[in-house]
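# Structural description and commentary
Here is what each chain is made of, one letter per residue.
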Amino acid sequence: MATTNHFGIALRGWRERVSPRDSGLEAGGDRRIPGLRREELAGLAGLSVDYVVRLEQGRARNPSAQVVTALARALRLEPSERDHLFRCAHLAPPSAGNVSRHVPARVHRLVGQLAGNPTAVFAADWTLVSWNPMWSEAIGDPRTYGWGEQNLVAGMFRSDGVRGRAPIAAWPVRSWAGDEVEEEDLVADLRVTAAAHPHDARLAAFVDRMLRDSPRFARLWSNGTARTHVGDRKTVEHPRVGDLDLDLDVVMAAGTDLRIVTYTAAAGTTDAEKMDALRAACPEPGRGLAHAMSGPDGPS
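Worth saying up front: this structure is predicted, and the values here are computed from it rather than measured. (Residues numbered from 1 in each chain as written. Predicted model: local features only at pLDDT ≥ 70, side-chain atom pairs only at ≥ 80, totals over all residues. Heavy atoms only, no water.)

## What about the pairing of strand β1 (residues 119-122)?
Here β1 shows no split at all, with Thr119 and Val121 on one side and Ala120 and Phe122 on the other all buried. Taken together, the four bridges between β1 and strand β6 (residues 259-264) define a ladder with antiparallel strand orientation. Counted as the bridge partner of threonine 119 is threonine 262 from β6. Hairpin geometry of β1 and strand β2 (residues 128-131) is characterised by an intervening segment of five residues between the two adjacent antiparallel strands and by a positive phi of about 70 degrees at tryptophan 126. (Buried < 20%, exposed > 50% of the residue type's maximum accessible area, 1.4 Å probe, protein only. Helix = DSSP H or I, 4+ residues; strand = E, 2+ residues; numbered from the N terminus. Pairing = 2+ DSSP bridges.)

The following block contains the structure:
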């Protein structure tokens, strides 16, 4: 039974997508395809044309990591696409560098479209990067949370040694699944990030501190669970409008490992009416994001 040539299919599709002009090549001449010719890709990647042909046709199926890296660079692939090409070659994707806290302009625009809902941007290690005015209105100003390093995981596990868990935000925000499930979800997500960024000294030091300072964190870390956190159902104990039952969704921004976290209420419910009241009271609801940090790796 023939095996699908996933690598060749991806390679050809991306080759035909790339603009010759964007690659520094002349776009003139008689072109039967809009993208790069095989010989042009071969030249950009430092490979022979025959080898590129064999890769596309599936007659060569075990390219090295160096070859895949060169092709990904020549094709101008985004990180997720690069990782897919590595997997198609039956290779592990390259490890990422440090966890980024940079918020691209397109993520700013996306969050701007969510101005009517409490929305915040977190780095992959759950460091809070930025938030909109409705987040402060519904969940409280993050500058009052008291999280170590502005990190949600640190805030969640800060109450070891005292009875019960302190409110994570400015006021209590409770998971319908319970504290234990919520904590396990965040620790499992952080483990995924730690594996993807094994050389990030800041992240490694953070995990070491959490293991030392929080027995609850250490117990959950030791169970080995790894999965991306995708959402929850929450009750926000709001001091002005009363309890709010909201859906929390976590969306990965394409081409990044940023987490966009947003709260929404089901239409036609009393929770939706309470959210309308918060919007009406929200100062400058369309104003841009507030930032928790700045600097070369902070939001822009």
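## Some remarks on the pairing of strand β4 (residues 231-238)
Relative to β4, strand β3 (residues 173-175) runs antiparallel, the two sharing three bridges. Bridging across to β4, arginine 174 finds its partner in threonine 235. The pairing of β4 with strand β5 (residues 242-252) spans eight bridges and is antiparallel. Looking at the pairing, lysine 234 lines up with leucine 246 of β5. Turn length for the β4-β5 hairpin, with the two strands adjacent in sequence and antiparallel, is three residues.

## Some thoughts on the confidence of the model for the protein chain
This prediction gives the protein chain a mean pLDDT of 87; 90% of its residues lie at or above 70. Highest mean pLDDT in the protein chain belongs to β6 (97); lowest belongs to strand β7 (residues 290-291) (74). This model gives residues 293-300 a pLDDT under 50, and the stretch forms 20 contacts once residues within four places in sequence are excluded. (pLDDT = per-residue confidence, 0-100. Contact = heavy atoms within 4.5 Å.)

## Quick look at unusual backbone geometry
If you check the backbone angles, histidine 90 has positive phi at about 60 degrees while not being a glycine. The topology assignment puts histidine 90 in the loop between α5 (79-88) and α6 (105-112). Notably, tryptophan 126 is not glycine yet its phi reads approximately 70 degrees, a positive angle. Residue position: tryptophan 126 is located in the loop between β1 and β2. Judged by relative accessible area, which is 2%, tryptophan 126 ranks as buried.

## Some words on helix α3 (residues 49-57)
Regarding α3, the residues found buried are Tyr51, Val52, Val53, Leu55 and Glu56. On its buried face, α3 sits against α1 (6-15), α2 (38-45) and α4 (65-74). Where α3 ends, the next residue or the one after it, glycine 58, has phi of about 85 degrees, a positive value.

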